[in-house]
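# Structural features, examined
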Amino acid sequence: MRLLHTSDWHLGRAFHRVNMLGAQAEFIAHLVTTVRERGVDAVLVSGDVYDRAVPPLAAVELFDDALHRLADLGVPTVMISGNHDSARRLGVGAGLIGRAGIHLRTEPSAAGTPVVLSDAHGDVALYGLPYLEPALVKDEFGVEKAGHEAVLAAAMDRVRADLAGRAPGTRSVVLAHAFVTGGEPSDSERDITVGGVAAVPAGVFDGVDYVALGHLHGCQTLTDRVRYSGSPLPYSFSEAAHRKGMWLVDLAADGSVTAERVDCPVPRPLARIRGALEDLLADPELARHEEAWVEATLTDPVRPAEPMARLTERFPHTLSLVFAPDRAEDDPEVSYARRLAGRSDQQIAEDFVAHVRGAGPDVHEQGVLRDAFDAVRSDEAVREVAR
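Now for a quick tour of the structure. These numbers were taken from a predicted model, which means no experiment stands behind them.

Counted under the stated rule, the structure contains 17 salt bridges. Across the salt bridge formed by R158 and E140, the nearest N and O atoms sit 2.8 Å from each other. One end of the pair, R158, is in helix α6 (residues 148–164); the other, E140, is in helix α5 (residues 134–141), with 18 residues separating them in the sequence. Across the pair K244 and E239 runs a salt bridge, and its minimum N-O distance is 2.6 Å. The buried category is assigned to K244, whose relative accessible area is 5%.

Written as structure tokens, this is what we have:
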């Protein structure tokens, strides 16, 4: 059985000030063409279909167009909700849409209920695990402490229990939206940390033939059977080195997996350039970036006059300008933002405590801070779902 694994469409999202809807429509057309020309038997969409819980109308219209085009091909599609989606909204009409072969899986309670497809070698059970916000689903899965590993492990227990009751030789596929250990994040994913931990071990998914992951935006392989498709388009300059694509996965009769990367059309390359303004304007090596979307980091000791206007004369698609003069980290002129770069909320809070009273928080106080951050993040997630 041939599967096409994609995720993280983020319909409705912009790239800095650039509207990406046209590029997203081009991706949908590319997806449909790939399904038709490469003999795909099922499409897997592993969450973050939309960029926010209440997407703009144009994004909803594009999603509607995608559903119609996939249904017209007669190729089944299994789709889960991600942490950017409103599971309730995405799941509206799921039963009716399922009759057209588009299977929306947005309810955590249905984790152990697969979409079953068949080929010449027997059945393939496809289990959709939507994004599981620990604070919201811990009661559903009967776990005492809310955490990503606990709720995903409980959901996978239901998958394995269902699979054990099926005919011998039934092959299995899981769609999940999570941060799995070994994956390489970028700046454009929303933080899902709970209790100081965001990642779960890949071993949580043991016992199935293929795991189609969503959430991280880089196309990557954790094991031969556990992969991220990544986002089909770039959504931050941290993705400048990404090769955007999808996985074309062949699931053999014995459950073995082979996968081929299918590149996606990208409207423009990304480039990150760094240096003094005059050097950036004169360097012949940078000619290859003149038609790219550019993030320029200026290292001039004093902010130059009209830097954006001057940059766009050579790099007309410059979207981001960062001022980071070359100074020692202990220089008092180093910006507050630069000192905080790469530090978590927990680390910043602990540093503040140490600054105010002369000593950092003890283990108990670290736990109090961690619980406070978790409570705020969980409250935001609950309010997002309720919108």
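Next, the rest of the story.
Counting across every chain of the model gives 4 aromatic pairs. When the centroid spacing of 5.1 Å and the interplanar angle of 55° are considered together, the rings of F15 and F237 count as tilted. Remark: F237 occurs in the loop between β14 (226–228) and β15 (245–251) and F15 occurs in strand β2 (residues 14–15); sequence separation between them is 222 residues. Owing to a relative accessible area of 2%, F237 belongs among the buried residues under this scheme. Their ring planes at 35° and their centres at 5.3 Å tell us that F15 and W293 sit as a pair that is tilted. In this pair, F15 is assigned in strand β2 and W293 in strand β18 (residues 293–298), connecting sequence segments 278 residues apart. With relative accessibility at 0%, the residue F15 sits in the buried group.

Turning our attention to the sheet that holds β18. Within a sheet, each strand pairs with its neighbour through backbone hydrogen bonds, oriented either parallel or antiparallel. Read from one edge to the other, the open sheet built from 3 strands follows the order β17-β18-β19, with strand pairing classed as parallel. Edge strands, defined here as strands with exactly one partner in the open sheet, are β17 (270–275) and β19 (318–323). Neighbour to neighbour, the strand axes of the sheet diverge by 15° on average, direction disregarded. Of the pairings in the sheet, the one linking β18 to β19 comprises 5 bridges and is parallel in character. Bridging across to β19, V294 finds its partner in T318. Its contacts with the sheet put helix α8 (residues 307–314) on β18 and β19, and the angle it makes with β19 is roughly 135°.

With that settled, the discussion passes to the environment of Q24. Within the element layout of this structure, Q24 appears in helix α1 (residues 21–37). With a relative accessible area of 2%, Q24 lands in the buried category. Discounting residues that sit within four places of it in the chain, Q24 has contacts with W9, H10, L11, G12, R13, L62, L233 and Y235.

Pairing within the open sheet is mixed, and its 6 strands lie in the order β7-β8-β9-β12-β14-β13. At either margin of the open sheet sits one strand with a lone partner, and together these are β7 (115–119) and β13 (220–223). Sheet twist, expressed as the mean angle between neighbouring strand axes with direction ignored, is 20°. Direction of pairing for β13 relative to β14: antiparallel, over a ladder of 3 bridges. Bridging from a neighbouring strand, T221 pairs with R227 of β14.

This part covers the nonpolar core. In this structure, L129, F141, L152, M156, V174, F205 and L213 are the most contacted members of the largest nonpolar core, which totals 32 residues. Elements supplying a minimum of two residues to this core: β8 (122–129), α5, α6, β9 (171–177), β10 (179–180), β12 (210–214) and β14. Looking at this core element by element, the count peaks at 7 residues for α6. Leaving out residues up to four positions away in the same chain, F141 has contacts with P108, A111, L132, V151, A154, A155 and R158. Listed in part, the 28 residues of the second largest apolar core include V32, A59, L104 and M246.

We now examine the pairing of strand β16 (residues 257–263). The side chains of a regular strand alternate, first on one face of the sheet and then on the other. In the sheet, β15 pairs with β16 via 7 bridges, with the strands oriented antiparallel. Considered in β16, the bridge of G245 is made with D263. Counted between consecutive antiparallel strands, the loop separating β15 from β16 contains 5 residues, among which G255 sits at a positive phi close to 90°.

The rules we used
- Residues numbered from 1 in each chain as written.
- Predicted model: local features only at pLDDT ≥ 70, side-chain atom pairs only at ≥ 80, totals over all residues.
- Heavy atoms only, no water.
- Salt bridge = Lys/Arg side-chain N within 4 Å of Asp/Glu carboxyl O.
- Helix = DSSP H or I, 4+ residues; strand = E, 2+ residues; numbered from the N terminus.
- Buried < 20%, exposed > 50% of the residue type's maximum accessible area, 1.4 Å probe, protein only.
- Phe/Tyr/Trp six-rings, centres within 6.5 Å; stacked < 30°, edge-to-face > 60°.
- Pairing = 2+ DSSP bridges.
- Axes fitted to C-alpha atoms, helices over the stretch in contact; angles between N-to-C directions.
- Contact = heavy atoms within 4.5 Å.
- Core = buried A, V, L, I, M, F, W, Y, C linked by side-chain atoms within 4.5 Å.

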